[in-house]
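Topology and contacts: notes
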Amino acid sequence: MATPQAREEALLTVRKVTLRFGGLTSLSEVDLSLYRGEIRSVIGPNGAGKTSLFNCLTGVYTPQEGTIEFITADGTPTQLVSGPPRRRRSRKPHVVNRAGIARTFQNIRLFAALSAFENVKIAAETRQRTGPIGAMLRLPHARANERRSDARTRELLDFVGLRQVADELASSLPYGVQRRLEIARALATDPALLLLDEPAAGTNPTEKRQLEGLIRRINTDLGVTVLLIEHDMKLVMSVADRVTVLNFGRVIAEGRPEEVQRDPVVVEAYLGSTEEKP
Amino acid sequence: MTVGELPLAVRRPRRIDPRWLRLGGWLVLGALLCVMTSTEEGTPSDHWLVVRTALGSTKLIGWLLAGAIVWALLEVWRARGLGTVVSGRTAGVRGRWHEITGGRRAHWLFLGIAAVAAIVIPQFLSEFYQRVLVDQVAVFVLLAVGLNVVVGWAGLLDLGYVAFFAIGAYTAGYFTRALPVKPPFHLNPFVILPVAVVVCLVAGLLLGAPTLRLRGDYLAIVTLGFHEIVQLFLVNKNNWTGGNQGAFGIPHFSINIFGIHYQWTLASLPYWYLFIAMLAVLVFLFDRLEHSKVGRSWTAIREDEVAAAANGVPTVKYKLMAFAIGASTSGLSGVLYASRIGYINPASFPVVLSITVLSYVIFGGMGSLVGVIVGAALLTFLPAVFQEQNIVRQEDIPMWIGAILVVMMIFRSQGLIPSRRRRRELGLAAQGVSDADAMSETPEGRA
Amino acid sequence: MCLTQHFWQFLVPGITLGSLYALIAIGYTLVYGVLQLINFAHSEVFMTGGFAGLFITQALVTAGLTPHGADSVLYTVTGLVGGAVFGAVVAFLLERVAYRPLRRRNAPRLVYLITAIGASLFLSNLAGKLFGRDRTNIPELYANDVVFTLFGAQVRVQQLVIIGTALAMMLLLDTVVNRSKLGAGIRAVAQDAQTASLMGVNINRVISQTFVIGGLLGGAAGFLFGSYLNVHYQMGFLPGIKAFAAAVLGGIGNIRGAMLGGLLLGIVESVSQSCMSSQWIDVVAFVVLILVLMFRPTGILGQRLGRAA
Ligand SMILES: Nc1ncnc2c1ncn2[C@@H]1O[C@H](COP(=O)(O)OP(=O)(O)OP(=O)(O)O)[C@@H](O)[C@H]1O
Ligand SMILES: [Mg+2]
């Protein structure tokens, strides 16, 4: 496991991000610094704002206040939200993805009527330059790109262990398998940062163990920084380098897993919330 | 008491047996069909002529009887649970059928047979049917293949599609000096083809760029409005377009290079082969497009726009691309049409024609090249035959088109010969999984 | 310059037309609110109202004689109610026959839209076949005198009847939607259909009621419009598109927005007649629509009834 403290290089810096829906504030002044190479977990009770945070990072929502800075592969810092107060804009989701942030969804969002292979391939192809003319005439570069994305897709399906279901429809796969497929699809876009929204939800213990290994391999073998939303504390404790705790849209604690677990504020937040998750 | 409580106050508790309601429905449908199939038409001096003559004739009894018989059969079917029995028995056969017809090989086999038939059969037809083949079937099959890119593949609803057809046709009129406004140079129709493609491409981009960022259903109304504006322009800008009279004397196609000379004339067959050649090229290119990165991106957008964008698919760009490809195909057909017919006027491109072409695509099976070709061919050839035989009035065709659209959407929204992907999508959508069009939400919508 | 010169001339016709657009736009906005569907066939509900009003008043009025006094009022009200009722019936049947089966199957929106377009094409051409394809005038129900002049512009009885009726109906509707249980149901379904059904709202019934309300207003507008101009099987097409543009202008899903948008569009359209030749007038609505979509897709008042964009 990479030790982030060794090289404190921020990959993503979230400063004072506030997101409101009408009167409801789902994120308030959230600060978060993510170091290159770490596995960070975001935890918090239901409705704490975890998914909202992901949506702000990926351009689905535009936070009313705050800044989000991401260091792209070539080392240039990019602002993901910009503009004066009343006319703020997020980068479009596909632009964020190209900058190097990929995500999965809490409620799985695969292309249900396509095969597992096609699901991953679509993502693998998005960086290629094949245009409609090249595709229609099947020009040499289009064919080369096609071969490349096929190979990349097979590689990724192997990586997540789904080679044998490549030709099955995404919607016909078991829940846990769909989750892994969604991860493979996200990885196909070559991200520097992978956002996982409750990847263990609805999976069985065997699948959870596999997932744990998978997240580690994504981090070490592929060198991808991981931001993980998860309710399963066992998983969080075992894979996360550091944990950030959200409650009612605020960061209430941050630190190593075992520190956070003992933090009275965190314990209070979980016991105080209606739905307790150990 | 407020108005809101009224419905409660007048509601009666007694319920009628749904079977009788269904019988009533079938009888009404019988009477409606009796009226619809009448060959007369009302007049302002006698508004009730059709209703009176149709419902007063003995034909009505036949239609009502037919309605009652269908009802009785369906009730027996329902009571015995025959639906599940039959669908269980035929599941295997249907599965095989879908496998065969949905596959790539069948696809090419069909297209091959169709190509051979298209080359051979017209030789033996009468001049009337040859003309139907060119002026109706060929033109609209070409149009349908282009609209299929927009509706079938990208999942967008374009109701101004025929406006681009008009733009293509008027481009041909302009560059052949048939319009009041004269071009700096004169072009052969073959050279105009790429010009019209570019013109329509640009027009499509200009119209699509502001609207495609928004929820998909706005595109429908904006394109409808666009068609109306193009119409107004053609009618009112007399000194450019020739107004209601339009333009005459658009020359036929001709080849005059490398020592080859050929001149198309009023004869139908040469034009038929020209159209078929164009169609073959388009089908070949579009089929590759569907099974390429571009086609897969469209599918992704259709199924889940948010997920597609999150995985790096520039959704607006791909929608725009589909829209522009459709527009340029329409423009291309417009040049062919203008040159074939020789004259154009605004009445050749009414707004309802956009909807008509849409209905061909829907009827055949959106997303399936074979489907839309068959759909467009059937729905253009049959009405021409019916009209020739005086079975249906020409004015009534839009009515039947509308009826076909509604019935098709209710009972078989995937169309006659659906594409495999489309069938799956609609099936999954019915179970509440996934989506099947690009209009439910923008990527910045909900997640 | 051109605006100020004839402004008053065109203001009253603009308000007249605008109040009709507003009535139709409410139908679009209500259905969009609960189903997120552009109900293209609403223009045929409007046309039905026109034909129903035409036939009823033709039966009442002796040809060539303009009724007076109480007769005028009675006939106008009968025509109006007839138009509204038949409009509502068509809207109700449309929902029952065409849209409900799709809802049961959870059909994608593309399918809904195509159905709506098909229904629109079918109904208008059925009317064309049945009743002929020429324009017909609704008989005069009252002497259309000049009531007063406003800054040099004449205001006639008919314009006042249309504006007054439309405003009254809108006020009534606003009260119903905001005060009654029926309105609460509509608002609940528009906010979140799933939650509403969990809370015991009968969604199918609310949707039917929404169509009926939209149909009543649309049908009444059809009669008023028919008596203002004429009745024709395609009379719904342009006013339909324009009313939809008005609904978007005010903020689709927002009832007061539809009213405001309708009035505004009618006025803008009419007043711009003083600046351009009248053949181009139909372009105004589309230009407004495209401008709104480009710069403020949520409309003037925002999309309150339905979900946000
Ligand atoms: N589009 C939206 N409109 C209105 N409110 C929203 C929207 N999205 C999120 N919220 C609200 O923001 C708050 C945070 O929601 P969020 O989904 O981020 O929680 P979460 O931490 O992911 O919870 P969970 O563990 O249940 O997934 C909630 O109160 C939610 O209702
Ligand atoms: Mg969440």
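Preceding block: the structure.
All of the points below concern the structure found in this document.

What counts, and where the lines are drawn
- Residues numbered from 1 in each chain as written.
- Chains lettered and ligands numbered in written order.
- Predicted model: local features only at pLDDT ≥ 70, side-chain atom pairs only at ≥ 80, totals over all residues.
- Heavy atoms only, no water.
- Donors = N, O, S within 2.8 Å, 3.2 Å for Na, K, Ca; no water.
- Helix = DSSP H or I, 4+ residues; strand = E, 2+ residues; numbered from the N terminus.
- Buried < 20%, exposed > 50% of the residue type's maximum accessible area, 1.4 Å probe, protein only.
- Core = buried A, V, L, I, M, F, W, Y, C linked by side-chain atoms within 4.5 Å.
- Contact = heavy atoms within 4.5 Å.
- Buried area = accessible area lost by both parts, 1.4 Å probe.
- Salt bridge = Lys/Arg side-chain N within 4 Å of Asp/Glu carboxyl O.
- Polar contact = N/O pair within 3.5 Å; in protein donor to acceptor, adjacent residues only side chain to side chain.
- Nonpolar A, V, L, I, M, F, W, Y, C, P; charged D, E, K, R; others polar.
- Phe/Tyr/Trp six-rings, centres within 6.5 Å; stacked < 30°, edge-to-face > 60°.
- Lys NZ or Arg CZ within 6 Å of the ring centre and 35° of its normal.
- Near = heavy atom within 4 Å.
- Areas by Shrake-Rupley, 256 points an atom, 1.4 Å probe, with all protein chains shown as cover.
- Pairing = 2+ DSSP bridges.
- Axes fitted to C-alpha atoms, helices over the stretch in contact; angles between N-to-C directions.

Let's talk about the coordination of the magnesium ion (ligand 2)
All names here are of chain A. Coordination of the magnesium ion (ligand 2) by the protein involves Thr51 (OG1) and Gln106 (OE1), with metal-donor separations of 1.8 to 2.1 Å. On the criterion of sequence distance, the pair formed by Thr51 in helix 1 (residues 50-57) and Gln106 in the loop between strand 8 (101-103) and helix 3 (116-125) is long-range, its members being 55 residues apart. With a relative accessible area of 22%, Thr51 lands in the partly exposed category.

Quick notes on the nonpolar core
Membership of the largest hydrophobic core comes to 232 residues, with the highest contact counts inside it found for B:Phe286, B:Trp298 and C:Phe40. Per-element accounting of this core gives the leading share, 17 residues, to helix 7 (residues 127-153) of chain B. In this view, C:Phe40 contacts B:Leu159, B:Ala220, B:Ile221, B:Leu224, C:Tyr28, C:Leu113, C:Ala116, C:Ile117 and C:Ser120; residues no more than four positions away in its chain are not counted. Judged by nonpolar contacts, the second largest core, of 37 residues, contains A:Val165, A:Leu173, A:Ala184 and A:Leu214.

Side note on the interface of chain C and chain B
Taken together, the contact pairs 59 residues of chain C with 72 residues of chain B. Summing both sides of the interface, chain C and chain B together bury roughly 5500 Å²; the carbon and sulfur share of this comes to 74%. The interface formed by chain C and chain B holds 3 salt bridges in total. Put simply, B:Glu41 and C:Arg133 hold a salt bridge, and the shortest N to O gap is 2.9 Å. Counting the contacts that link chain C with chain B gives 11 residue pairs in polar contact (both at pLDDT 80 or more). Of all the elements, helix 4 (residues 109-131) of chain C adds the most residues to the side of chain C that touches chain B, at 17 residues. When its residues are assigned to classes, the side of chain C that touches chain B shows 38 nonpolar, 13 polar and 8 charged.

Re the packing of aromatic side chains
Applying the stated criterion to the full structure yields 31 aromatic pairs over all chains. Arranged with centres 5.9 Å apart and planes meeting at 40°, the rings of C:Phe51 and C:Phe55 form a pair that is tilted. Linking C:Phe51 with C:Phe55, this pair stays in helix 2 (residues 42-60), spanning 4 residues, or about one helical turn. Look at C:Phe55 and you get buried, because its relative accessible area is 15%. Between C:Phe51 and C:Phe131 the ring centres are 5.0 Å apart and the planes differ by 40°, which places this aromatic pair in the tilted class. Here C:Phe131 lies in helix 4 and C:Phe51 lies in helix 2, a separation of 80 residues in the sequence. When its relative accessible area of 11% is taken as the criterion, C:Phe131 is described as buried. Looking at B:Lys237, its charged tip hangs above the ring of B:Trp240, at a distance of 5.1 Å from the centre.

As for unusual backbone geometry
All names here are of chain C. Backbone geometry at Gln36 places phi at a positive 50°, although glycine is not the residue there. Along the chain, Gln36 falls in the loop between helix 1 (2-35) and helix 2. Phi is positive for Asn106, close to 60°, though the residue is something other than glycine. Tracing the chain through its elements places Asn106 in the loop between helix 3 (69-104) and helix 4. For Asn106, a relative accessible area of 39% translates into the label partly exposed.

Section: the pattern of salt bridges
Residue and element names in this part refer to chain B. Applying the stated criterion across every chain yields a total of 34 salt bridges over all chains. Arg52 is paired through a salt bridge with Asp46; the nearest N and O atoms lie 2.8 Å apart. Of the charged contacts in the structure, one is a salt bridge between Asp135 and Arg340, with a shortest N-O distance of 2.7 Å. Highlighted residues: Asp135 in helix 7 and Arg340 in helix 15 (residues 315-341), separated in sequence by 205 residues.

A few points about the site of ligand 1
Residue and element names in this part refer to chain A. Around ligand 1 sit 14 residues, and of these Asn46, Gly47, Thr51, Ser52 and Gln106 come closest. Within the side chain of Lys50, an N or O atom sits 2.8 Å from an oxygen atom of ligand 1. Interatomic distance of 3.4 Å between a side-chain N/O atom of Glu198 and an oxygen atom of ligand 1. Bound to the protein, ligand 1 loses 66% of the 640 Å² it would expose on its own.

What about the pairing of strand 11 (residues 242-247) of chain A?
Look at any regular strand and the pattern is simple: side chains alternate between the two faces of the sheet. Residue and element names in this part refer to chain A. Most of strand 11 sits out of view: 6 of its 6 residues are buried. Burial of the side chains of strand 11 extends over both faces: Arg242, Thr244 and Leu246 are buried on one face and Val243, Val245 and Asn247 on the other. The pairing of strand 11 with strand 12 (residues 250-255) spans 5 bridges and is classified as antiparallel. Along strand 12, the bridge assignment pairs Val245 with Ala253. Hairpin connection from strand 11 to strand 12: 2 residues lie between these consecutive antiparallel strands, with Phe248 at a positive phi of about 45°.

Considerations on the arrangement of the chains
For this structure, the chain pair with the highest number of contacts among 2 pairs of chains in contact is chains B and C. When C-alpha atoms are compared, chain A and chain C, though not in contact, are closest at a spacing of 11 Å.

Description of the sheet that holds strand 1 (residues 10-21) of chain A
Residues and elements named next belong to chain A. Strand order in this open sheet of 4 strands is 2-1-4-5, and the pairing throughout is antiparallel. The sheet terminates laterally at strand 2 (24-35) and strand 5 (77-79), the two strands that pair on one side only. Each adjacent strand pair in this sheet contributes to an overall mean axis angle of 20°, direction not counted. The pairing of strand 1 with strand 4 (residues 65-71) spans 5 bridges and is antiparallel. The partner of Thr13 across the bridge, within strand 4, is Glu69.

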